[in-house]
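Residues per chain, in single letters:
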Amino acid sequence: MSATSNRWRQWLLLAACLAFSAALSIALGQDIFWDTKNYHLYNAWAFLHDRYALDLAPASMQSFFNPLLDVPYFWLATGPLQAWPRTLAGLQGLWYGLLIFLVFRIAMRLAKLQRRPFGSADACAALIGATGTMAVSQIGSTTNEIALALLCLLSLYKLMPLLAQGGDLFPARRALIAGLLCGVAAGLKPTAIVYPPALAIALLLTLGVQTRFAWQMTCAFAVGVTVAFLASYGPWAWHLYQATGNPTFPMFNQLFHSSLTAATNGTDGQFRPRSVGQWLFYPFYWLTKQRGVVTETAFADPRYALAMLAVLALVFARVFKRPRGPRQADRGVRFLAIFASLSFVLWMSLFSILRYAVPIEALTGLLMLAAIRAIAPLRAWPLLLSATSLQLLTGVLATTTYPNWWRGAYAKQVFDVDTGTIEPDSLVIFVGSPNAYLAPMFPHAETVGFVGLSWFVQASRGYGLWDQIQQRLRDHAGPRYVVFRSDSSQAEFKLLNEMLPLNHLTECRDIVSSLEVGKTKNKKYTDGPRLCRLTWLPPSTGLTLESPES
């Protein structure tokens, strides 16, 4: 095949991936995920309008997350594409198309390292990884996990030529660029923090700890990671440090001891393994449909368990079978296996939230195919190998249940929201979550202050954040309003009653929002938010603020 013909094939593959991902994103519907409504939209607005001196934790602890990744979607949704929700959904879905294309490119580069042609078996393996539950279910969403996975896997792709002897004329530059890509991902969102160390260790072990070249490349990669991380997270870290005394606030406060909240690590540990069996065999718990183990919604995915078995098979083959061909031809598989294994262990220890594991998921099919090649004598029968891979792809897809992260129907605008009218210089109190996305939708939002009352404020009782919020609520001289949902907890209303005693909810009305309705008009994931005025009543009335359910 000529170079020109191959180049055209690559462009056609890229175009097909992008067209498919855009169409699928549009078909899935409007993103109305809980996190989208809780902080992805608010954080972008707060960053663009410098709300940090005006608002106090409207999106709970997530109000303090790095907003840079959320800015493009919010800007497009409230600006050029405001009246084009399907166009925005298609555009946001392109990240997934790029991910599919990159997984294919990794498979091609792996085949090249193994000195064999790329075949239909490789294509099936790439599709197994690219059709995983976490990638597909997050197409077009604001979680940004697919974009982060793209950066991390692009870093891995850039490193792969270093595994071939004399594979690059400027190897240090390649390692540096790969580090920059992975460091940017980790800096933009800490859910990607597990991948730079996993890549660095995988590179060092694959090239050989005893070689000078391995250490040089690993150091160049580490320099790139450090520079990019400081560039993408450093300014936000400095902002947090000045505002809170903790550059990662509220995370890892047991190390930095910000006076605003308790000295805890702040990470969500509800999905971490709960037993020895889960620590050893966690992926096998996801083979059947379940919820609450590593996801909030129901799903089933055999890819991770099969990939775990594949890694064990590769270890077995390396120990008990003589490697075929040149030793460096095995480096590509070893690199992917070490990276995926280390990433999984770090991910499981720190997060165990499966939405963050897209880079691992994307490589599962390639690991399965590598194990088949290493164990079974099928390489001499390419048609049989292709048939086996196709059967594996079909079986994996048939036993996969994709989760639903809340999708809505398209409205005339991306955000079709009617909050009702409030006076300028009002104070809006969000009781519970996810309500912060409503902040920029209010009339005169630039003059309105927003405060959140949530579990995070309750956990900060006796610390600076509690005092700041209590003072803000009591000292505000203008009108006060409360936004709440029917599922807002009694504890959150008691918190409001404690901070603002002798107040009563009056003039209540529903907030109408397209982000509260499912793809079918009669489907609601939650009862929509309500807006009430807070009215002070003298003690003689005997009335106090209560939850609507009480």
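Note: the structure precedes this text.
Report on the accompanying structure. (Residues numbered from 1 in each chain as written. Predicted model: local features only at pLDDT ≥ 70, side-chain atom pairs only at ≥ 80, totals over all residues. Heavy atoms only, no water.)

**Looking at the packing of helix α8 (residues 145-159) against helix α9 (residues 171-188)**
Orientation of α8 relative to α9, taken along the N-to-C sense of each, is 165°, at an axis distance of 8 Å. Our classification of the angle between α8 and α9 gives roughly antiparallel. Read as a crossing pair, α8 and α9 show a hand that is left-handed. From α8, L148, L151, C152, L154, S155, K158 and L159 reach across to α9, where they touch R174, A175, I177, A178, G179, L181, C182, V184, A185 and L188. Looking at the contact of α8 with α9 residue by residue, the classes come out as 13 nonpolar, two polar and two charged. (Axes fitted to C-alpha atoms, helices over the stretch in contact; angles between N-to-C directions. Helix = DSSP H or I, 4+ residues; strand = E, 2+ residues; numbered from the N terminus. Parallel < 35°, antiparallel > 145°, perpendicular 65-115°, else oblique. Left-handed = near helix turned anticlockwise from the far one by under 90°. Contact = heavy atoms within 4.5 Å. Nonpolar A, V, L, I, M, F, W, Y, C, P; charged D, E, K, R; others polar.)

**A closer look at empty space enclosed by the protein**
Over the atoms a probe the size of a water molecule is rolled, and this reveals where empty space is left. A full pass over the atoms with the stated rule returns five cavities of 30 Å³ or more. One number sums up the size of the largest cavity: a volume of about 80 Å³. Around the largest cavity, the lining comprises 13 residues; the ones closest to its centre are Q92, W95, Q138, S141 and I146. Elements with a contribution of two residues or more to the lining of the largest cavity: α5 (94-113) and α8. (1 Å grid on protein atoms, 1.4 Å probe; cavity = no way out; pocket = protein on both sides within 12 Å on 5 of 7 lines; lining within 4 Å. Points joined across faces, edges and corners; volume = space filled by probe spheres on them.)

**Topic: helix α6 (residues 120-130)**
Judged by how many residues are buried, α6 sits mostly within the fold: nine of eleven residues are covered. Buried within α6 are the following residues: A121, D122, A123, C124, A125, A126, I128, G129 and A130. Elements in contact with the buried residues of α6: α5, α7 (133-137), α14 (303-320), α16 (358-362), α17 (364-375) and α18 (382-398). (Buried < 20%, exposed > 50% of the residue type's maximum accessible area, 1.4 Å probe, protein only.)

**Describing the environment of A16**
Tracing the backbone shows A16 in helix α1 (residues 3-28). Separated by 85 residues in the primary sequence, A16 and F101 place their C-alpha atoms 9.0 Å from one another.

**Digging into the environment of T133**
Take T133: it is sitting in helix α7. The class for T133 is buried, based on a relative accessible area of 0%. Those residues in contact with T133 that lie beyond four places of it in its chain are F299, A300, D301, R303, E361, T400, T401, Y402 and P403. A polar side-chain atom of T133 sits 2.7 Å from a polar atom in the side chain of D301. (Polar contact = N/O pair within 3.5 Å; in protein donor to acceptor, adjacent residues only side chain to side chain.)

**Let's talk about a nonpolar patch on the surface**
Side chains of V276, W279, L280, F281, F284, Y285, L287, L309 and L312 sit close together on the surface and give an oily, nonpolar patch of about 850 Å² of accessible area. Those elements that provide at least two residues to the nonpolar patch are α13 (276-281) and α14. No other element matches α13, which puts four residues into the nonpolar patch. Relative to the helices and strands, Y285 resides in the loop between α13 and α14. (Patch = residues over 30% accessible without salt bridge, like charges linked within 9 Å, V, L, I, M, F, W, Y side chains within 5 Å. Areas by Shrake-Rupley, 256 points an atom, 1.4 Å probe, with all protein chains shown as cover. Salt bridge = Lys/Arg side-chain N within 4 Å of Asp/Glu carboxyl O.)

**Side note on the pairing of strand β9 (residues 530-536)**
Relative to β9, strand β6 (residues 480-484) runs antiparallel, the two being bridged by four bridges. Within β9, the position partnered with V483 by the bridge is L531. Of the strand pairs in this sheet, strand β7 (residues 503-510) and β9 are connected by six bridges, and their pairing is antiparallel. Residue pairing across strands places L505 opposite L534, the latter belonging to β9. (Pairing = 2+ DSSP bridges.)

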